[in-house]
Amino acid sequence: MPQQLNRQTLERLMQYYLCINRDFDPQGNQTIPSARLAQLLSLDGTQIRKDLAAIGVKGQCRVGFEISRVAEAIRKALGFENVFRAVIIGAGHLGGAIAAYEGFARYGLQVVALFDIDPGKIGLNVGHHVIQPLEKLEFVIKDRDVHLGIITVPADAAQECTDRMVKAGIKGIWNFSPVNLKIPPEIISRHEDLSVGLAYLSYHLTHNG
Ligand code: NAD
């Protein structure tokens, strides 16, 4: 079994991956010294070398890292070459935006269905999806072997939706509702809150702006 990577390492690997895809050709044969990558990301070069070594990538003295090898190793380590089937519960502003955004496909996310309880929304199209009634949730999770449930319902509905997905056999939950959900430990989950990013901006605008 490969080395277990902690959350901070995973997040830094994703930053390297985004940087490589934004500023370089991830398929080309360019190289980059860790000091340059460190400068681009305002990180420490030693940390970058350590993170990349953890996924089996070693730089060459005075040359640095082969960009295509770094990109491939990160894709493999983070599992982007796999496909993760997902359902979204709550076809409102946020759920609709996630469903319509095609960019997550490059990380393996495949949204197979979008659910809501609002009769005025059921049957409408969002991107390539038709909004389905919540009654079909369990059937779709089992029938399509869905791995991930994405929660974009109001706070008061989030726990019940979670419980239903867990019972239906979901493996992971990506929770956008502002609720600390009770989720069994064997299910991988992530609570996403954009205000964490906003707090970073707020801090710097307050103290350095
Ligand atoms: P919205 O009102 O536009 O959408 C919510 C949708 O959920 C509606 O279509 C509603 O009909 C549906 N819904 C309600 N109860 C349901 C149930 N039991 N089952 C299925 N569908 C149900 O709201 P929004 O702006 O899209 O926000 C959705 C959630 O995401 C809220 O909890 C909000 O606080 C949260 N949010 C989080 C972030 C973040 O950074 N994490 C950012 C924006 C919104």
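> Give me the site of the ligand: which residues, what numbers.
In the vicinity of the ligand, 23 residues are found, and the nearest of them are His93, Asp116, Lys121, Glu192 and Leu194. With respect to the ligand, the backbone of glutamate 192 contributes an N or O atom lying 2.7 Å from a nitrogen atom. Leucine 194 places a polar main-chain atom, nitrogen or oxygen, 2.7 Å from an oxygen atom of the ligand. Look at the ligand: alone it shows 850 Å² of surface, and the protein chains cover 73% of it.

> Go over the packing of helix α2 (residues 34–41) against helix α3 (residues 45–54), please, and point to the residues and values.
For the pair α2 and α3, the least separation of the axes is 8 Å and the interaxial angle reads 110 degrees. In terms of orientation, α2 lies roughly perpendicular with respect to α3. As for the relative orientation of α2 and α3, their crossing is right-handed in sense. Contacts between α2 and α3 involve Ser34, Leu37 and Ala38 from the first element and Gly45, Ile48 and Arg49 from the second. Tallied by class, the residues present in the contact of α2 with α3 amount to 3 nonpolar, 2 polar and 1 charged.

> Break down a nonpolar patch on the surface for me, citing the residues and quoting the values.
A cluster of nonpolar side chains, namely Leu198, Tyr200, Leu201 and Leu205, defines an oily patch on the protein surface of about 480 Å² accessible area. Note that leucine 198 resides in helix α8 (residues 195–207).

> I'd like a rundown of the sheet that holds strand β5 (residues 125–126), residues and numbers included.
One open sheet accounts for 7 strands, arranged β5-β6-β4-β3-β7-β8-β9; its pairing is mixed. Because the sheet does not close on itself, it has two edges, and the strands there are β5 and β9 (188–191).

> An account of the packing of helix α1 (residues 7–23) against α3 is requested, with residue identities and associated values reported.
Where α1 meets α3, the closest approach of the two axes is 10 Å, and the angle between their N-to-C directions is 100 degrees. With respect to each other, α1 and α3 are oriented roughly perpendicular. Contacts from Thr9, Arg12, Leu13 and Tyr16 in α1 reach Gln47, Ile48, Asp51 and Leu52 in α3. Tallied by class, the residues present in the contact of α1 with α3 amount to 4 nonpolar, 2 polar and 2 charged.

The rules behind the values
Residues numbered from 1 in each chain as written. Predicted model: local features only at pLDDT ≥ 70, side-chain atom pairs only at ≥ 80, totals over all residues. Heavy atoms only, no water. Near = heavy atom within 4 Å. Polar contact = N/O pair within 3.5 Å; in protein donor to acceptor, adjacent residues only side chain to side chain. Areas by Shrake-Rupley, 256 points an atom, 1.4 Å probe, with all protein chains shown as cover. Axes fitted to C-alpha atoms, helices over the stretch in contact; angles between N-to-C directions. Helix = DSSP H or I, 4+ residues; strand = E, 2+ residues; numbered from the N terminus. Parallel < 35°, antiparallel > 145°, perpendicular 65-115°, else oblique. Left-handed = near helix turned anticlockwise from the far one by under 90°. Contact = heavy atoms within 4.5 Å. Nonpolar A, V, L, I, M, F, W, Y, C, P; charged D, E, K, R; others polar. Patch = residues over 30% accessible without salt bridge, like charges linked within 9 Å, V, L, I, M, F, W, Y side chains within 5 Å. Salt bridge = Lys/Arg side-chain N within 4 Å of Asp/Glu carboxyl O. Pairing = 2+ DSSP bridges.

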